Amino acid sequence: MIEIMKNLVKYLSIVLVAGGFFSACETTELNQLVSPNQLGADQADPNLLLNSIQLAYAVNQQVFSDRSAELTRIDYMFGRDYFNNYSSATMNGVWSRTYSSAGVGILTNLQALEGIDAASDVDYSFHIGVSKTLLAHSLMQLTDFIGQATWSEAGNPVDFPAPMMDDGQAVYNAAFGLLDEA
């Protein structure tokens, strides 16, 4: 009796797995031409762009706060030597959240907001003002931490796929200009 039950369970499980494979193939639609994860500029919601900018800024502030606390020994930095604790990739996340064209960058989302504002009858000057203020502060902090940042060639990946760094004073002047515009 036990042998019959074992065989029955084995054959039943094989039939169920095979049936699952056959039925799964009929319902899968693989011919999607537009990715729902990458919206076009005409599909972007200005409120969500501002939310994305604020989220990127908040995460950057957390990183700057953590690194500052570690550098001033308020927080433990996992060692005694600064050069052994901080690699050249320490600010990569902050850098990408500030400049990235992958939909998370403060600068690229600000540029998208400005494009939407120019093409729309709705006034999005509040969104743009907040975004410029947050970008200006992020630029100042990047300059304070690294000594220089990208500004004159930033935000134009077609012409400048690897933008050059600007000296700290030029970045600060650009940040103050953003604050004046905001």
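Residues numbered from 1 in each chain as written. Predicted model: local features only at pLDDT ≥ 70, side-chain atom pairs only at ≥ 80, totals over all residues. Heavy atoms only, no water.

*Asks:* Would you mind showing me how to read helix α6 (residues 125-146) here?
*Replies:* Since the α-helix advances by 3.6 residues per turn, residues separated by three or four positions end up pointing in the same direction. For α6, spanning 22 residues, the distance from its first C-alpha to its last is 31 Å, which sits close to the expected 32 Å at 1.5 Å a residue. Once α6 finishes, Gly147 follows within two positions and takes phi at roughly 100°, a positive value. (Helix = DSSP H or I, 4+ residues; strand = E, 2+ residues; numbered from the N terminus. Expected span 1.5 Å × (residues − 1).)

*Asks:* Looking at this structure, I do not really get the layout of surface pockets. What am I missing?
*Replies:* Remark: the empty space left among the atoms is shown by a probe the size of a water molecule rolled over them. Taken as a whole, the second largest pocket encloses approximately 280 Å³ of empty space. As for the second largest pocket, its lining consists of Arg67, Leu71, Tyr86, Ser87, Ser88, Thr90, Met91, Asn92, Trp95, Phe145, Ile146 and Met165. Sorting the residues of the lining of the second largest pocket by element identifies α2 (46-71), α4 (92-99) and α6 as the ones contributing at least two each. Grouping the amino acids of the lining of the second largest pocket by side-chain chemistry returns seven nonpolar, four polar and one charged. (1 Å grid on protein atoms, 1.4 Å probe; cavity = no way out; pocket = protein on both sides within 12 Å on 5 of 7 lines; lining within 4 Å. Points joined across faces, edges and corners; volume = space filled by probe spheres on them. Nonpolar A, V, L, I, M, F, W, Y, C, P; charged D, E, K, R; others polar.)

*Asks:* What is the right way to look at the nonpolar core in this model?
*Replies:* Within the largest apolar cluster, 27 residues are counted, with the highest numbers of intra-cluster contacts made by Val94, Tyr99, Ile106, Leu135, Leu139 and Leu142. Among the elements of the structure, α2, α4, α5 (106-119), α6 and α7 (168-181) are those that each provide at least two residues to this core. With seven residues, α6 is the single largest residue contributor to this core. Ignoring any residue separated from it by four or fewer positions in sequence, one finds Tyr99 in contact with Gly105, Leu107, Thr108, Leu139, Leu142, Ala149, Thr150 and Ala154. (Core = buried A, V, L, I, M, F, W, Y, C linked by side-chain atoms within 4.5 Å. Buried < 20%, exposed > 50% of the residue type's maximum accessible area, 1.4 Å probe, protein only. Contact = heavy atoms within 4.5 Å.)

*Asks:* For this particular structure, what's the right way to read the side chain of Asn60?
*Replies:* Along the chain, the position of Asn60 falls in helix α2. Setting aside its immediate chain neighbours within four residues, Asn60 contacts Gly93, Val94, Arg97, Thr98, Ile106 and Ser138.

*Asks:* Teacher, can you tell me more about the packing of α6 against α7 here?
*Replies:* Interaxial distance between α6 and α7 falls to 8 Å at its minimum, and their mutual angle equals 165°. When the axis of α6 is compared with that of α7, the two are roughly antiparallel. Between α6 and α7 lies a crossing of left-handed hand. Here α6 contributes Lys132, Thr133, Leu135, Ala136, Leu139, Met140, Thr143 and Asp144 to the contact with α7, which in turn contributes Gly168, Val171, Tyr172, Ala175, Phe176, Leu178, Leu179 and Glu181. Tallied by class, the residues present in the contact of α6 with α7 amount to 10 nonpolar, three polar and three charged. (Axes fitted to C-alpha atoms, helices over the stretch in contact; angles between N-to-C directions. Parallel < 35°, antiparallel > 145°, perpendicular 65-115°, else oblique. Left-handed = near helix turned anticlockwise from the far one by under 90°.)

Keep in mind these values describe shape, not function.
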